[in-house]
Amino acid sequence: PGSALGETGDMARVEAERQGPEAMAAVLKQLRTSRVREPETVVRLGRVAMGKPGRLGDEVWTVREQTLVAALDVEERALAAECEGAILARFSEEGARASRLKGLGLEAAGRFEEASKTYEKMLEANGANAAALKREIGILKGRRDMQGAVEKLTAYVAKYQSDRSAWQELAETYSAAGLFSQAIFCYEELVLFEPTAARYHCRLGELHYTESAGLPNAKKLDALLKARKYFAHCLNLAGPRDKASRPALGLLLAASAIGAIKPDDELNVALGAQAAAKLKTLYKTAAPNDLVTAAVAPFVAANTPPYH
Amino acid sequence: EKACPISKCSTRMQVSMGDVAYTKMMMHAARYFYCAVDGLCIGTCGESEITILDVVPLFHNGTLAPMLEAAAYMAERYAKSVAGAEGAVVGYYFSNEHVKDEALTVQAATIGSTIGDALASTGRRACVVQLANARLEHPTDAGLVAYESNGTAWTRTDAAVKVDPAVTNLFLSALDDDLPIVDFDLHLDDVAMDWRNTQVKDWVKRRLK
């Protein structure tokens with residue numbers, strides 16, 4: 001499926017285009033709630049739906065806002081300006097939500113000074129305006145001031161400790177810069193908020209494993225053991241119908257790497273074998289046969305215990 | 001004597017990228033235009049030229065060791081099915097998140113060097129290919145920069161990456177046709193999704209007939 005909405009999504013979009021504004025609004029709503037980034041689809045549907053405001057009622061404003069952001073994403077400047085104009089005409093520029101949209105438009109045009117002033121004004125009116133604070137971080141990223149962005153993000157999460165997306169943004173920024181221990185710290189915070197979120201455990205496994213490569217032998221084993229623990233826990237949290245291979249692959253590799261250091265560790269051998277079995281079942285039932293034979297099976301075999 | 005050993009090699013490298021490889025890579029970058037993306041280059045190496053016949057799109061959610069290792073192992077196997085016994089993972093491609101960011105990432109250098117080390121035993125070299133985002137403004141510009149290593153550092157190649165000008169915009173038609181592109185990240189979420197992307201090869205073949 002090419003669309004992030006999946007095959008059903010593509011069909012939903014085509015069907016909605018056929019049925020009219022209400023159906024389009026429903027698809028747009030689905031895109032909003034799933035928080036998937038599909039600006040081309042939004043622009044396509046939003047453009048038409050906005051043209052029939054009577055059929056949408058108050059939802060037309062949410063649709064205009066959503067279409068504005070999507071239009072900025074795909075450089076449909078005329079459409080973006082049209083949406084912005086309509087929104088600002090109806091909602092005062094003094095309002096936080098409209099202000100933020102105005103600021104976004106300025107950012108997209110690279111007019112960072114003016115955008116910055118817009119957000120400053122928002123913060124003068126309300127110092128705790130999280131949206132404005134986040135946009136300031138956005139500006140720093142837009143200007144490629146990664147140091148500044150990290151500093152501001154750190155200050156933000158200190159203030160808004162339960163903002164998960166901010167913690168994750170900070171974590172991934174650190175990770176991309178190769179600062180794995182800092183990224184790990186952020187994901188540990190996230191695990192505290194959501195102990196049963198499998199993806200955080202998996203990411204921690206990946207980060208510890210990645211970190212292990214650059215460590216001296218004594219610390220390497222420690223990091224690998226942590227990685228193994230997180231991958232195993234992630235597998236425990238995953239449901240039986242989960243088609244994700246990430247934690248199983250991670251566990252296999254972690255056990256294999258530990259096996260290179262401690263080949264006779266029984267627990268490690270058991271975990272490695274478990275990961276291999278899980279992968280075999282998963283790939284056998286779901287993946288194309290020739291892919292499995294040609295690529296996956298040899299990989300699993302190369303990392304399955306015994307580790308001698 | 002087939003290829004010169006790395007330490008003595010002074011010839012400048014020429015990288016060329018085939019239609020299917022370029023189209024897949026561009027589809028990947030376009031699909032995740034708001035992310036940093038990367039992938040592995042599959043093909044063959046000569047004395048001073050590298051022919052990229054195919055790519056395995058890798059990640060758009062950040063690149064970390066375990067999944068990269070798994071992908072690299074499997075891609076090496078896949079390379080044999082693409083280019084026969086001579087087929088190998090011959091390089092790494094990447095595109096930065098920010099439109100104006102033209103830096104060679106530490107990651108790209110590290111991964112490139114790892115690939116290079118694996119090739120060195122058979123006297124071959126690796127390349128790193130960067131999709132320079134800002135250049136995409138020009139519809140006829142393939143937008144690629146290649147890097148080569150002397151063993152310690154990566155530098156831009158003198159020669160531009162060879163791409164058939166007739167195919168530089170094929171990927172746009174492919175996306176318009178709702179042709180999917182699967183990277184390793186997507187595959188890891190659902191193993192039914194195939195990172196070999198045969199649908200792209202078939203589409204390009206039909207299109208160019």
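Conventions we followed
Residues numbered from 1 in each chain as written. Chains lettered and ligands numbered in written order. Predicted model: local features only at pLDDT ≥ 70, side-chain atom pairs only at ≥ 80, totals over all residues. Heavy atoms only, no water. Phe/Tyr/Trp six-rings, centres within 6.5 Å; stacked < 30°, edge-to-face > 60°. Helix = DSSP H or I, 4+ residues; strand = E, 2+ residues; numbered from the N terminus. Buried < 20%, exposed > 50% of the residue type's maximum accessible area, 1.4 Å probe, protein only. Lys NZ or Arg CZ within 6 Å of the ring centre and 35° of its normal. Contact = heavy atoms within 4.5 Å. Buried area = accessible area lost by both parts, 1.4 Å probe. Salt bridge = Lys/Arg side-chain N within 4 Å of Asp/Glu carboxyl O. Polar contact = N/O pair within 3.5 Å; in protein donor to acceptor, adjacent residues only side chain to side chain. Axes fitted to C-alpha atoms, helices over the stretch in contact; angles between N-to-C directions. Parallel < 35°, antiparallel > 145°, perpendicular 65-115°, else oblique. Left-handed = near helix turned anticlockwise from the far one by under 90°. Nonpolar A, V, L, I, M, F, W, Y, C, P; charged D, E, K, R; others polar. Pairing = 2+ DSSP bridges. Right-handed = clockwise from strand over helix to strand, strands pointing away. Expected span 1.5 Å × (residues − 1).

A. Local environment of the packing of aromatic side chains. A complete count under the given rule lists ten aromatic pairs over all chains for this structure. When the centroid spacing of 6.1 Å and the interplanar angle of 55° are considered together, the rings of Tyr187(A) and Tyr200(A) count as tilted. Here the residue Tyr187(A) occupies a position in helix 12 (residues 180-193), and Tyr200(A) occupies one in helix 13 (residues 198-212), the gap between them amounting to 13 residues. The pair formed by Tyr187(A) and Tyr200(A) is uniform in burial state, with each residue classed as buried. Measuring from ring centre to ring centre gives 5.4 Å for Phe299(A) and Tyr73(B), while their planes differ by 65°; the resulting arrangement is edge-to-face. Of this pair, Phe299(A) sits in helix 17 (residues 289-303) while Tyr73(B) is found in helix 2 (residues 65-83), placing the two residues in two different chains. These aromatic residues form a ring-pair network of at least three members: Phe59(B), Tyr78(B), Phe184(B) and Trp195(B). One Lys or Arg, Arg64(A), reaches over the ring of Trp61(A) and ends 4.9 Å from the middle of that ring. Here the guanidinium or amino end of Lys229(A) rests over the ring plane of Tyr230(A), the centre of that ring lying 4.9 Å away.

B. Layout of the interface of chain B and chain A. Taken together, the contact pairs 30 residues of chain B with 41 residues of chain A. In total, about 3,100 Å² of surface goes out of reach between chain B and chain A, with carbon and sulfur atoms giving 60% of it. When residues of chain B are sorted by the area they lose upon contact with chain A, Leu64(B), Met67(B) and Val191(B) head the list and together hold 20% of the total. We note a salt bridge from Arg31(B) to Glu38(A), for which the minimum N-O separation is 3.9 Å. Where chain B packs against chain A, one counts ten residue pairs in polar contact (both at pLDDT 80 or more). Going through the elements one at a time, helix 2 and helix 5 (184-189) of chain B are the ones with two or more residues in the side of chain B that touches chain A.

C. The arrangement of the packing of helix 8 (residues 112-125) of chain A against helix 9 (residues 130-142) of chain A in detail. All names here are of chain A. It is the contact of helix 8 with helix 9, at a shortest axis distance of 9 Å, that shows an interaxial angle of 160°. Put simply, helix 8 runs roughly antiparallel to helix 9. Once helix 8 is placed against helix 9, the crossing between them reads as left-handed. Touching Phe 112, Ala 115, Ser 116, Tyr 119, Glu 120, Met 122 and Leu 123 of helix 8 are Ala 132, Leu 133, Arg 135, Glu 136, Ile 139 and Gly 142, all from helix 9. Class assignment of the residues belonging to the contact of helix 8 with helix 9 gives a composition of eight nonpolar, two polar and three charged.

D. The arrangement of the environment of Ala142(B) in detail. All names here are of chain B. Relative to the helices and strands, Ala 142 resides in the loop between strand 5 (127-131) and strand 6 (144-149). A sequence separation of 21 residues divides Ala 142 from Val 163, and the C-alpha atoms of the two residues are 6.8 Å apart. Ala 142 has contacts with Tyr 22, Leu 131, Val 163 and Thr 168, leaving out every residue within four places of it along the chain.

E. Main features of the pairing of strand 4 (residues 88-95) of chain B. Residue and element names in this part refer to chain B. Counting buried positions along strand 4 gives eight out of eight residues, so the element sits mostly inside the fold. Strand direction decides the pairing type here: strand 4 and strand 5, joined by four bridges, are parallel. In the sheet register, Phe 94 faces strand 5, and the bridge partner there is Gln 130. In this view, the connection linking strand 4 to its parallel neighbour strand 5 by way of helix 3 (residues 106-120) has right-handed handedness.

F. Summary view of helix 2 (residues 21-34) of chain A. For helix 2 of chain A, with 14 residues, the first-to-last C-alpha span of 20 Å sits near the 20 Å given by 1.5 Å per residue. Positive phi appears at Arg35(A), one or two residues downstream of helix 2 of chain A, with a value of about 55°.

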